[in-house]
Amino acid sequence: MDSINKAVLDLKRLDLLANNDSSIHRLDARAKVLVTCVFIICIVSYGRYELAALFPFFIFPAVIIALADLPPLFIARKIALLCPFVLVVGMFNPVFDREVLLHLGSFAVSGGWVSFASIVVRSILTVGAAFILVGVTGFTAVCQALERLGMPQVFAVQLLFLYRYIFVLTEEAGRASRARELRACGKKGLGIRSFSSLIGHLLLRTWQRAERIHMAMLARGFTGAFHAHRQSHFGKSELMFVLGWSTLFIFLRLQNASQLLGKLVTGLFP
Amino acid sequence: MHMADALLSPAVGGAMCAVSAGTIAYCSRKVRQELDDKKVPLMGVLGAFLFAAQMINFTIPATGSSGHIGGGMLLTILLGPYAAFLTIASVLVVQSLFFADGGLLALGCNIFNMGFFPAFLAYPFIYKKMVGNNPNQTRLTLAIMVSAIVCLQLGPFGVVLETVLSGVSSLPFSTFVLLMQPIHLAIGAVEGLVTVAVVTFVFKARPEILQGALEAGPTGSRPVRTVVVAFLVAALFIGGIVSLFASKNPDGLEWAIAKVTGKEELEASKQGLHGVLADLQQKTAFLPDYSFRKQPEPKKSETVPVQKDEAGKVGTSAAGLVGTMIVLALAFLSGLVLKKRK
Amino acid sequence: MSHHIVEVKNLRHVYSDGTVALKDASFRITHGESVGIIGANGAGKSTLLLHLNGYLEPTSGNIRIGDIPLSKGTLPDIRRTVGMVFQDPDDQLFMPTVFDDVAFGPFNLGMAVADVEQRVTEVLELVGANHLRDKPPYNLSGGEKKRVAIATVLSMSPDILVMDEPTNGLDPFARRQLMALIRDFKHTRIFTSHDLDMVLELCERVIVLHEGEVWADGPTLEIFNNEKLLAECRLEKPLSMQGCPICGSGRLAGSAIPCPKSYASSGFDS
């Protein structure tokens, strides 16, 4: 099944990005999680017709992508697969909100289109922030950061286990699904009946795997507790990173930088 | 039907994050109390299983289009409510980070919409009641069908409420509900069918798995009832706050900032930096006889309408447009420069 | 210390679905022995191994590891003494990184952080995998996974090493590496395998299981020369003991000298 393999390859590629070594990668994961949160909250706190004010925030992904040496086209391609639900819901804005909000020359633009554009830009920024966070931090480190920020250990362990076995199980599912497709001549045989027995088998094998893993854990003295030790410290550079970016975000949130710059320039050449 | 950051207001997103985080904390404690260390790897691999299973498509009967399993009810039946909630939540976390399904702030909403209803409503009040203590095929089928349909009505309804309360989308509540609910009636029926088929398969192959899950679930319905009541209260409370926000202050953070900085209106800051820059502009607007001036003004900004009070904040003048272009260029340029320097 | 003796007496195991996996197995393995357990699929090999560290409880019969009879109360001691390497390393490597995985056992034994670090480094160097320590297990090759899986067990300094199909799915080079590694382990080694050539090279003693019973128990060469016995148990001579398929001449066990004619007629030079 091509789509599964593609999805897995994408996942692996994003996962491997976290192995890069850069000033951003070396920062404590907590700093990056916090900055990403501030960023997203600032973005979503804008009113629905806010569009121009959102653009200055592109400075964050641009700078981080550059400093951390992430592949910009890959990130852009991933962002381009924007959640279709958002677009569908967003498309209704121009339908319901026809009041003219601004004129571009002789072109009247309705509030609906402005808010639709705003939704798209928000999506790009928030979704991009999530990808960048994973790309510069890695899933494991994000989980550990969240745990140190107060997430219960049970849930942290769950996330780590899930992530570990995603790679094993997506490959297994991909193989099973490929076998089914190869024998489903002309799309027949891809219905619910074959699906459910395929999923059923996959589920039983998964269950047995869980039993074997449990065995392996017991064999190494597992008694229910996870001992993790990780030296990471929230030092000066982390503090600078968090304070610097947060200040910038809040400044941008309070001052419409696009407007300011635009005024400056149009003022120069009136 | 993943909820997305782009459609959320901070008040709604934050409230739902708090609710989901609370439920995760509660379930974590419950799972730890169960002291069943077999469940540790089981939850992990079943989460990975759900993740993988959602990538396999099947042909939806009578339509020819393809769909995939949601799996909320399936996991709840296999793991019991607490472990299932955590597992579903963990899958959503990975999806939001790696596949952009929604976004990070929307996680709270998504975890609630897709985890809470199967684990804490459908499972204790529909599934367990209908299946009883000795499951047979008819009971299982009925219970799962009803549960799946109920979950897939409540989940999307949650999406509708969250979207409408956030106010980023202009979709009116009634239209949105009419769009979402009937579609999800069909989706729920298909989800039910698939879940029945998978559970039946497991039931035939390894009946002890289902039996074990039935016993391992919450023993009495009392703890679950407490949870549900607590959440209804919390939801009402939060709903009240949110509606207060929504009515008086369409923009929660701005309101909060205004409170903090003590300024009535953020526009007031124009006297600050805006003012300084405006002064600067006038001083730097040199070359008054420059030929540009003689040209007709193609898109100078006096056309901004004032019918909407939000329009004032829109930032839609030509200045805004020009500035936007510059800002974008600057952002990417800075990226490029930083990259070159390395 | 007679810790390293494994004694199995009249072991019988019936699974909950009624399958009789082991009928009546008895043997005694003394310190420092290297024993191969062979037999057809379904002969009861894996079931037997799972008893050795107490994951399965005998339906009847008993097991002693050194002076300790296997029972619920002695499980932690037994599991520390008997290190178990599973067939599928994906079941054994469940932590986010190689380091975490190897450290899992020592942490469960209650070792201090510094000691754990030292132990992990030693063991990873022993299996030649120290350069992989920060990698997640899903990014390793099959051979690397297997070596790390062995490291996770060695880190608990077991006295007895039990392995299920250690060379399964490895390429020839990785298989050689692994065999060298097993040969260097000083203590008692017990493993099941269908790789009879490996058994021939590494074990001085072989136990043949057939339909849940010990069918034969003796020196490796003796058993592999008993063709009648091997045929009865759906086995055959290791390839290196069989005649050359091209010239028909036999060759000595363990000899690495190939038949000269095999080159001449293989068509490589035409």
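One structure accompanies this document, and this report is about it.

What counts and what doesn't
- Residues numbered from 1 in each chain as written.
- Chains lettered and ligands numbered in written order.
- Predicted model: local features only at pLDDT ≥ 70, side-chain atom pairs only at ≥ 80, totals over all residues.
- Heavy atoms only, no water.
- Buried < 20%, exposed > 50% of the residue type's maximum accessible area, 1.4 Å probe, protein only.
- Helix = DSSP H or I, 4+ residues; strand = E, 2+ residues; numbered from the N terminus.
- Contact = heavy atoms within 4.5 Å.
- Buried area = accessible area lost by both parts, 1.4 Å probe.
- Salt bridge = Lys/Arg side-chain N within 4 Å of Asp/Glu carboxyl O.
- Polar contact = N/O pair within 3.5 Å; in protein donor to acceptor, adjacent residues only side chain to side chain.
- Expected span 1.5 Å × (residues − 1).
- Arc of directions from axis to C-beta.
- Axes fitted to C-alpha atoms, helices over the stretch in contact; angles between N-to-C directions.
- Parallel < 35°, antiparallel > 145°, perpendicular 65-115°, else oblique.
- Nonpolar A, V, L, I, M, F, W, Y, C, P; charged D, E, K, R; others polar.

1. Overview of unusual backbone geometry
Residues and elements named next belong to chain C. For Asn 10, which is not glycine, the phi dihedral falls at a positive 45°. Residue class for Asn 10 comes out partly exposed when judged on its relative accessible area of 43%. Backbone geometry at Ser 157 places phi at a positive 35°, although glycine is not the residue there. Structurally, the position occupied by Ser 157 is in the loop between α6 (142-154) and β7 (160-164). For Ser 157, a relative accessible area of 33% gives the class partly exposed.

2. Side note on the interface of chain A and chain C
Each partner contributes residues to the interface: chain A has 29 residues there, and chain C has 28 residues. For the chain A and chain C pair, buried surface summed over both sides reaches about 2,700 Å², with 58% attributable to carbon and sulfur atoms. For the interface between chain A and chain C, the tally reads five salt bridges. Of the charged contacts in the structure, one is a salt bridge between Arg220(A) and Asp101(C), with a shortest N-O distance of 3.4 Å. The tally of links between chain A and chain C comes to eleven residue pairs in polar contact (both at pLDDT 80 or more). At the level of secondary structure, the elements contributing two or more residues to the side of chain A that touches chain C comprise α1 (2-17), α9 (153-183) and α10 (192-219) of chain A.

3. Looking at helix α5 (residues 113-126) of chain C
Residue and element names in this part refer to chain C. Compared with the 20 Å implied by 1.5 Å per residue over 14 residues, the 20 Å span of α5 between its first and last C-alpha is a close match. Of all the residues in α5, the buried ones are Val 116, Val 120, Val 123 and Leu 124. Along the axis of α5, the buried residues cluster in a sector spanning 100°; they form a single face. Facing away from the buried side of α5, by more than 90 degrees, are the exposed residues Ala 114, Glu 125 and Leu 126. Buried positions along α5 lie against α4 (98-108) and α6. Positive phi shows up at Gly 128, right after α5, with a value of about 70°.

4. Quick notes on the packing of α4(C) against α6(C)
All names here are of chain C. In contact at an axis separation of 7 Å, α4 and α6 are set at 30° when each is read in the N-to-C sense. Between α4 and α6, the angle is such that the two are roughly parallel. Contacts from Val 98, Asp 101 and Val 102 in α4 reach Val 148, Ala 151 and Thr 152 in α6. Looking at side-chain class alone, the contact of α4 with α6 contains four nonpolar, one polar and one charged residues.

5. Re the pattern of salt bridges
All names here are of chain A. According to the stated counting rule, one finds 26 salt bridges over all chains in the structure shown. Lys 78 is paired through a salt bridge with Asp 10; the nearest N and O atoms lie 3.9 Å apart. Here Lys 78, found in helix α5 (residues 72-80), pairs with Asp 10, found in helix α1; they are 68 residues apart in sequence, far enough to count as distant. Between Glu 172 and Arg 205 there is a salt bridge, and its shortest N-O distance comes to 2.8 Å. With Glu 172 in helix α9 and Arg 205 in helix α10, this residue pair connects regions lying 33 residues apart in the sequence. The exposure class of Arg 205 is partly exposed, given its relative accessible area of 36%.

Note that every value here comes from positions in space, so none of it alone points to a role or purpose.
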